[in-house]
Amino acid sequence: MKSASRQITFYAIAIGLWVLVARLHIWPPYLFPTPKGVLESLWAGFADHSFWIAIAVSMRRILVGYALSVVIGVLLGLLMATSKFLEQTLGSLLVSLQSLPSICWLPMAVLWFGLSEKAILFVIVMGSVLSVTISMETGRKQMPKIYGMAGRNLGARGLKLFLFVLFPASLPYVLTGLKQGWAFAWRSLIAGEMIFVSLGLGQLLMMGRDLNDMSQVIAVMILIVAIGYIVDGLIFETFEKRLQQRWGLTTTA
Amino acid sequence: MTSISQRPAEGQHRRMATRHVGWEAARTPQAGALMETSKVELQDITLQYKTNGSSLLALDRINLQVKAGEFLCIVGPSGCGKSTLLHLIAGLQQPTSGRVLIDGKPAGGPGSDRSLIFQELGLFPWLSVADNVEFGLKMKGIARAERKEKADYYLRLVQLSQFAKNYTHELSGGMRQRVALARALATEPDVLLMDEPFAALDAQTRDLLHDELERIWEQTGRTIIFVTHNVREAARLGDRVAVFTFRPGRIKREFTVDQPRPRQIEDPAISRCAKIILDDLREEINKSLEQEYRVS
């Protein structure tokens, strides 16, 4: 494991440098905390349950928001894949909307839904539904036609055809889009929480700023990275690997 | 030796002289009113593709009757529309005109009375072998226990019981072929439609699967319509062989292969039958090759 030892060395040096700079006291500790200070903040946050609550609240929001955008995106994508008209009209709109940072939906969300959970869900959905839709559409088109025909031939119709054939058949093709959708949803959630919504990780981050507590800011940032990594690197990757193995798409046995 | 007989396709008697080269003439099915209804009947099936103003006649007035329990092979050059015809019978596609009758009734969309085995199989890679075989039963809403029992039975029939839990990519080509056969048989359709199922296999595996298919056919009594471009395969397997013309696809002639079963592909009699059919087909193959060279 050469890469692992390299990584360990790299992080050790980085933390060493961090300690060194902090020890020089160029900036006051509340602006440039030591790693120890950050660890203490992390510990304290978990000890007084505020981190747990924030994680729970944020995870609930993203699960609901992401689930919504997967359902909407998959259905929209399938519709667009079957209709040339929708693809040319709605499709072009969605592609152009993709260049809009999801936080730009926030003012609209606040006006429509007020400072509520609905507003943040709206931002999450708008942030991630586009990439899910577009990848579902292309996935449906790339998917070999034979599966749909075989399914119909074996008596699958309508919803059954979709659930048991078309959806699983397109999974390897849409997985990248689902992953990207998740990453967008996660970013939208944190951005939304930072600006206005109570509770959640984004709000903890802003609270650190309000209290002039850089160690809390960094501690929450570490949390956000860690959760993102766990979901992205572990859950999605494991799923992807298993899928590829099952389909026989991997070259390594 | 009366091993093989031929007759021109219906509706084309006048155009085509029937050659009798030492085989008996087949009886014409519409001879008597008391005749049993055919399992599958194609009435004037015509299919026309329209692309950007120009139209292509793919199938031209196909009339065909297949008796219950009969093994019919269709041979023709590639591009003659024989695969398309199977899709029409399976109900996956609709003809421009004409009707597909099953037991005398219009067939409509895909139904559990017919099952098509695709050339590229279309096994579901996200399901295990057993789940693939159970799929059609699941769609029919059959309870889990019964599904499992049936799947077990048909997996045993194609001798794949020990691979039930494997995924399809872990199997060899011949094994995958047998999974497709088991999957199609599991819903117990009266009619099996097979689209060049053995084309991609090596010769040994193919011979083996011919034997198995013949055994399974005799054991289950299904009606089989089997499309191939391999004339020997057609003579080896079929009770009857229909030769297709190249574009538009028409039935040029039908041959009856009167050979005892089980047969072997090396049987001299099968070779002779194949030779007779091939002579008839050669003209069409040449036409298709000409077309191919002109295009490229």
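Participant: Please clarify how the overall build of chain A should be interpreted in this entry.
Facilitator: Assigned secondary structure in chain A consists of ten helices and zero strands. Ordered by position from N to C terminus, the α and β elements of chain A give α-α-α-α-α-α-α-α-α-α. With the C-alpha coordinates aligned to their principal axes, the bounding extent of chain A is approximately 70 × 55 × 30 Å. Here chain A holds 253 residues, and 35% of them are scored as buried. If you take every contact in chain A between residues at least 6 apart in sequence, the share linking residues at least 24 apart comes to 72%.

Participant: Got a minute to help me understand the overall build of chain B in this structure?
Facilitator: When helices and strands are tallied, chain B shows seven helices and eleven strands. By the burial criterion, 44% of the 296 residues in chain B qualify as buried. The contacts of chain B with a sequence gap of at least 6 include a subset with a gap of at least 24, amounting to 71%.

Participant: Explanation requested: the domain arrangement of chain A in the structure shown.
Facilitator: Quoted interface sizes are often the accessible area lost when the parts come together. All names here are of chain A. In terms of domains, chain A is made up of domain 1 (1-32) and domain 2 (34-247). Put simply, the middle of domain 1 and the middle of domain 2, counted by C-alpha atoms, are 32 Å apart. Opposite the eight residues of domain 1 that make contact, domain 2 presents six residues. In terms of residue class, the side of domain 1 that touches domain 2 is built from eight nonpolar, no polar and no charged.

Participant: Explain the domain arrangement of chain B here, please?
Facilitator: All names here are of chain B. Looking at the assigned domains, one finds that chain B contains domain 1 (1-19 + 39-113 + 190-296) and domain 2 (123-188). Each of domain 1 and domain 2 has a C-alpha centre, and the two are 27 Å apart. Taken residue by residue, the interface counts eleven residues in domain 1 and nine residues in domain 2. The leading source of residues in the side of domain 1 that touches domain 2 is helix 5 (residues 203-220), at five residues. Across the side of domain 1 that touches domain 2, the residue classes tally to seven nonpolar, three polar and one charged.

Participant: Please explain the pairing of strand 10 (residues 240-244) of chain B as it appears in this structure.
Facilitator: As a general feature of sheets, a regular strand has side chains that alternate between the two faces. All names here are of chain B. Buried residues dominate strand 10, accounting for five of its five residues. The side-chain alternation of strand 10 yields two buried faces, one formed by Arg240, Ala242 and Phe244 and the other by Val241 and Val243. Pairing analysis gives four bridges linking strand 4 (residues 71-75) to strand 10, with the strands arranged parallel. Within strand 10, the position partnered with Cys73 by the bridge is Val241. Relative to strand 11 (residues 251-257), strand 10 runs antiparallel, the two sharing five bridges. Each bridged residue has a counterpart across the sheet, and for Val241 the counterpart in strand 11 is Phe255. Counted between consecutive antiparallel strands, the loop separating strand 10 from strand 11 contains six residues, among which Arg247 sits at a positive phi close to 25°.

Participant: Could you clarify how one ought to interpret the interface of chain A and chain B in this entry?
Facilitator: Listed per partner, the contact involves 14 residues of chain A and 19 residues of chain B. Mapped by element, the contributors of at least two residues to the side of chain A that touches chain B are helix 7 (145-153), helix 8 (158-195) and helix 10 (214-247) of chain A. Looking at which element gives the most residues to the side of chain A that touches chain B, the answer is helix 7 of chain A, with six residues. Within the side of chain A that touches chain B, the residues separate by chemical class into eight nonpolar, three polar and three charged.

Participant: Sorry, what's going on with helix 6 (residues 117-142) of chain A here?
Facilitator: Along an α-helix, residues three or four positions apart point the same way, because every turn accommodates 3.6 residues. For helix 6 of chain A, spanning 26 residues, the distance from its first C-alpha to its last is 37 Å, which sits close to the expected 38 Å at 1.5 Å a residue. Bending of helix 6 of chain A peaks at approximately 35° at the position of Ser128 of chain A.

Participant: Help me understand the environment of Lys145 of chain A, please; the structure alone is not making it clear to me.
Facilitator: Mapping Lys145 of chain A onto the fold places it in helix 7. A C-alpha to C-alpha distance of 9.8 Å links Lys145 of chain A and Ala169 of chain A, two positions 24 residues apart in sequence.

Participant: Looking at this structure, how should I read the sheet that holds strand 6 (residues 105-106) of chain B?
Facilitator: All names here are of chain B. Ordered in space as 3-2-5-6, the four strands form an open sheet in which the pairing is antiparallel. Only two strands of the sheet have a single neighbouring strand rather than two, namely strand 3 (54-66) and strand 6. Sheet analysis places strand 2 (residues 40-51) next to strand 3, joined by nine bridges and oriented antiparallel. Note on strand 3: the bridge partner recorded for Val40 is Val66.

Participant: Sorry if this is basic, but what is going on with unusual backbone geometry here?
Facilitator: Backbone geometry follows two general trends: most residues other than glycine have a negative phi, and most peptide bonds adopt the trans configuration. Residue and element names in this part refer to chain B. Look at the link from Arg261 to Pro262: it is a cis peptide, with omega at -5°. Inspection of the secondary structure puts Pro262 in the loop between strand 11 and helix 7 (268-295). One non-glycine residue, Asp44, adopts positive backbone phi at about 50°. Residue position: Asp44 is located in strand 2.

Participant: Help me out: how do you make sense of the nonpolar core in this one?
Facilitator: Within soluble globular proteins, side chains that are nonpolar tend to cluster in buried spots. Ranked by internal contacts, the top residues of the largest apolar core, which has 84 residues, are Val75, Ala182, Leu193, Ile225, Val241 and Ile277 of chain B. Take this core: its biggest share by element is seven residues, from helix 4 (residues 173-186) of chain B. Beyond its immediate stretch of four places on either side in the chain, Ile277 of chain B contacts Val75, Val231, Ala234, Ala235, Val241, Val243 and Phe255 of chain B. Counting residues in each nonpolar core, the second largest holds 40 residues, with Leu178, Phe184, Trp186 and Met214 of chain A among its members.

Participant: Could you clarify how one ought to interpret helix 5 of chain B in this entry?
Facilitator: Residue and element names in this part refer to chain B. With 18 residues, helix 5 ought to run about 26 Å at 1.5 Å a step, and its terminal C-alpha atoms sit 25 Å apart, in line with that. Within helix 5 the residues assigned to the buried category are Arg206, Leu213 and Ile216. Take helix 5 and look down its axis: the buried residues cluster within an arc of 90°, on one side only. Helix 5 presents Gln204 and Gln219 as exposed residues on the side facing more than 90 degrees away from its buried surface. Those residues of helix 5 that are buried are in contact with helix 3 (144-157) and helix 6 (231-237). The first or second residue beyond helix 5 is Gly221, which carries a positive phi of 65°.

Participant: Would you mind going over the confidence of the model for chain B with me for this structure?
Facilitator: In low-pLDDT segments, the atomic positions of the prediction should not be examined closely. Residue and element names in this part refer to chain B. Predicted confidence across chain B gives a mean pLDDT of 80, with 87% of residues reaching 70 or more. Mean pLDDT values for the elements of chain B range from 65 in strand 1 (residues 4-8) up to 92 in strand 9 (residues 223-228). Every residue in residues 11-34 scores below 50 in pLDDT, and together they form 23 contacts with partners more than four places removed in sequence or on other chains. The ipTM value of the predicted complex is 0.77, and its pTM value is 0.74.

Scoring rules and cut-offs
- Residues numbered from 1 in each chain as written.
- Chains lettered and ligands numbered in written order.
- Predicted model: local features only at pLDDT ≥ 70, side-chain atom pairs only at ≥ 80, totals over all residues.
- Helix = DSSP H or I, 4+ residues; strand = E, 2+ residues; numbered from the N terminus.
- Buried ≥ 20, exposed ≤ 12 C-beta atoms within 10 Å, placed from the backbone.
- Contact = placed C-beta atoms within 7 Å.
- Domains from an automatic or database assignment.
- Nonpolar A, V, L, I, M, F, W, Y, C, P; charged D, E, K, R; others polar.
- Pairing = 2+ DSSP bridges.
- Expected span 1.5 Å × (residues − 1).
- Bend = angle between axes of the 7 residues up to and from the residue.
- Core = buried A, V, L, I, M, F, W, Y, C linked by C-beta atoms within 7 Å.
- Arc of directions from axis to C-beta.
- pLDDT = per-residue confidence, 0-100.

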